[in-house]
Amino acid sequence: MAAGGTAALADRGVWADAVVVSADYSSTNHCELRTVDGQNISPSLSEGDGCRDSVSKGDELRVRYDPEGVASPDVGRASSDVVLLAALFGAAVVMGTWGGVRQSRWDRAYDGA
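This one's a predicted model, so the numbers in the text were calculated from it and none came from an experiment. (Residues numbered from 1 in each chain as written. Predicted model: local features only at pLDDT ≥ 70, side-chain atom pairs only at ≥ 80, totals over all residues. Heavy atoms only, no water.)

Asks: Help me understand the confidence of the model for the chain, please; the structure alone is not making it clear to me.
Replies: The predicted coordinates ought not to be read in detail in places where the model reports low pLDDT. Mean pLDDT over the chain stands at 81; residues scoring 70 or higher make up 87%. Taking the mean pLDDT of every element in the chain, the minimum, 67, falls on helix H1 (residues 2-12) and the maximum, 89, on strand S2 (residues 30-35). (pLDDT = per-residue confidence, 0-100. Helix = DSSP H or I, 4+ residues; strand = E, 2+ residues; numbered from the N terminus.)

Asks: Could you clarify how one ought to interpret the sheet that holds strand S1 (residues 14-24) in this entry?
Replies: Each strand in a sheet pairs with its neighbour through backbone hydrogen bonds, running either in the same direction (parallel) or in the opposite one (antiparallel). Taking strand neighbours across the sheet as the criterion, the four strands line up as S3-S2-S1-S4 in an open arrangement whose pairing is antiparallel. Strands with a single pairing partner mark the edges of an open sheet, and in this sheet they are strand S3 (40-46) and strand S4 (60-65). Each strand axis lies, on average, 45° off the axis of its neighbour in the sheet, ignoring direction. Where S1 meets S4, six bridges bridge the pair, whose relative direction is antiparallel. Bridge pairing in S4 places Ala18 opposite Leu61. (Pairing = 2+ DSSP bridges. Axes fitted to C-alpha atoms, helices over the stretch in contact; angles between N-to-C directions.)

Written as structure tokens, this is what we have:
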């Protein structure tokens, strides 16, 4: 469903300023949205797509939504996951290189012993 929703937003998604009409923080967060001109945005915004604990009723968000109501809206922050993964990968490369250099130095220091 997530891939289909992403494709639907890519094909016919519309960016709009929206107001949070209500927020449900039970098991997972869901925010009901309405455009600033009063049009309901359906379905609701999920926690993974931008309805964080810091969002409350009356807040304004810039969202991309499907006017046909098939795909869930999002706030366009999915790229932050890519940035996080790239940073973690970069850190792993740096730590691996550092460990390899230290091991090499240690091996040379104790080869003659």
